[in-house]
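One-letter residues, chain by chain:
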Amino acid sequence: MHVSSLRLSHFRNYQSMEVGFHPQLNLFLGSNAQGKTNILEALYCLSTTRSFRAAADEEMIQFNQEAGAIEGVLQQEEGQEQIQLELRKEKNKVLLVNGKKQKKLSSLLGRLPAVVFSPDDLFLVKGGPALRRRYLDVTILQMDQGYLGHFQQYERTLKQRNSLLRQKIPNVEAQLVIWDEPLAEHGAALIIKRAEVARRLSEFAGQALKDLTGGAENFEVRYEPQLPLENNEGSLKERMLQALAQARREELARGVTVVGPHRDDLGLWVNGKPLRKFGSQGQQRTGALALKLAQLSLLTEGCHTAPLVLFDDVMAELDEKRQAFFLNRLQQGGQAFLTGTSANDFLAASKNARIFWVEAGQIKMTQEGPVGA
Ligand SMILES: Nc1ncnc2c1ncn2[C@@H]1O[C@H](COP(=O)(O)OP(=O)(O)OP(=O)(O)O)[C@@H](O)[C@H]1O
Ligand SMILES: [Mg+2]
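Thresholds, definitions, all that
- Residues numbered from 1 in each chain as written.
- Chains lettered and ligands numbered in written order.
- Predicted model: local features only at pLDDT ≥ 70, side-chain atom pairs only at ≥ 80, totals over all residues.
- Helix = DSSP H or I, 4+ residues; strand = E, 2+ residues; numbered from the N terminus.
- Buried ≥ 20, exposed ≤ 12 C-beta atoms within 10 Å, placed from the backbone.
- Pairing = 2+ DSSP bridges.
- Domains from an automatic or database assignment.
- Contact = placed C-beta atoms within 7 Å.
- Nonpolar A, V, L, I, M, F, W, Y, C, P; charged D, E, K, R; others polar.
- Core = buried A, V, L, I, M, F, W, Y, C linked by C-beta atoms within 7 Å.
- Near = placed C-beta within 6 Å.
- Axes fitted to C-alpha atoms, helices over the stretch in contact; angles between N-to-C directions.

Phi angles above zero are rare outside glycine, and Asp-313 is one such case at about 60 degrees. Within the secondary structure, Asp-313 is located in the loop between β12 (308-312) and α10 (320-331). By C-beta crowding, Asp-313 is classed as partly exposed, having 19 other C-beta atoms within 10 Å.

Rendered as structure tokens:
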């Protein structure tokens, strides 16, 4: 499957734009602030219903407009499918598939899996646990329909529970206990799935790091739960209920839920040492790349179709050898979209591609063929 065309209206700096894509390799060239990343952002929205950088959907609507839209045509073996996402100010966005309004935005998940590579990936290594949990959740949500239910129920329960704890009303304990049960049930399901996926990610990330560095280092990705791991959901749920009971006083004092997978982390270890603390800049950068490559491998294995690869400004940071490695890796996968500010960023791309020149919210020119030809 690939995206054959994209139409944007009042999206970021695009007033109205339509563009047709190459089924494999698409390169976007242009100066800074012209609209290259905005195109990748629109594609990611078609994949996951949300942006990889905006905190709120409204940010993506063109300045001084009330609404914006992203429309993509997916080309599949069985035929075409049209996906439309309408963004509206102060209202929920709307999803339409083949012109038909969908009840749930989440029905989009997994249809068109995607992986973004960006210079910000370094924060996966250097930043706090929330970013790593998000990386893990976004991966699982794209390939496992069953995870979504537990994920949403857990978030909802946590919110309810925290709001109860904040209110500091008398006899709150009797009400709290009601929320312990769903928190532990869905929490246990999240932990079991995350730990399982982390084990597979670790295998792929270890291999990716070997490919990137020539094999000297040993990279491990470990799910690091706050509670000791159990093999089955039932015992983990029991353990979580016990921990909640023990933490009751602390939770009441602090006004927040302190037990559960929302406090867990994904540990990154190189040669037995935490990458965040002891890795050099270069090792951390390579570790982040390996994590993203692992996500790509995992989604390729776990989804019905090869994921879109969105490669934002990453080529410029790679030396020639790594550029060649990535282009070769991309060649084996699905459709790829790469951005850069100069044709030099893509000199290693000797294979056929469609090249787009982006300028001030417009695609100025398109050329087909190898870069530099
Ligand atoms: N909601 C919006 N409405 C109108 N313009 C916007 C909106 N949000 C962002 N922009 C503008 O879009 C422009 C292009 O952004 P984009 O991030 O796509 O640039 P880019 O080509 O990727 O640049 P760089 O090479 O620096 O990464 C920015 O100048 C920004 O001001
Ligand atoms: Mg950009």
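On to the pairing of strand β5 (residues 79-88), then. Where strand β4 (residues 67-76) lies against β5, 10 bridges are found, and the strand directions are antiparallel. Directly across from Val-73, in β5, lies its bridge partner Gln-82. Pairing geometry for β5 and strand β6 (residues 94-97), over four bridges, is antiparallel. In the sheet register, Glu-86 faces β6, and the bridge partner there is Val-94. As consecutive antiparallel partners, β5 and β6 are separated by five residues, and within that stretch Glu-90 has a phi angle of approximately 55 degrees, a positive value.

Before going further, it helps to examine the domain arrangement of the protein. Domain annotation for the protein reports domain 1 (1-113 + 305-373) and domain 2 (121-302). Distance between the C-alpha centres of domain 1 and domain 2: 29 Å. Each partner contributes residues to the interface: domain 1 has 11 residues there, and domain 2 has 11 residues. In terms of residue class, the side of domain 1 that touches domain 2 is made up of six nonpolar, four polar and one charged.

Glancing now at the nonpolar core. Within the largest apolar cluster, 93 residues are counted, with the highest numbers of intra-cluster contacts made by Leu-27, Leu-43, Ala-205, Ala-290 and Leu-310. Sorting elements by how many residues they give to this core places helix α5 (residues 172-213) first, with 17 residues. The two domains that each donate at least three residues to this core are domain 1 (1-113 + 305-373) and domain 2 (121-302). Apart from the residues within four sequence positions on either side, Ala-290 is in contact with Ala-205, Ala-208, Leu-209, Leu-212 and Phe-219.

Near ligand 1, the surroundings consist of 16 residues, among which Asn-13, Asn-32, Ala-33, Lys-36 and Thr-37 are the closest. Residue classes in the shell around ligand 1 are distributed as three nonpolar, nine polar and four charged.

If you trace the six strands from one edge of the open sheet to the other, you get β2-β1-β4-β5-β6-β7, paired in antiparallel fashion. Two strands bound the open sheet, and with one partner strand each, they are β2 (14-20) and β7 (100-101). Sheet contacts for helix α1 (residues 36-48): β1 (2-11), β2, β4 and β5; angle to β1, the most-contacted strand, approximately 110 degrees.

Mapped onto the fold, Gly-127 is located in the loop between α2 (122-126) and α3 (129-143). Given 12 C-beta atoms within 10 Å, Gly-127 falls into the exposed group.

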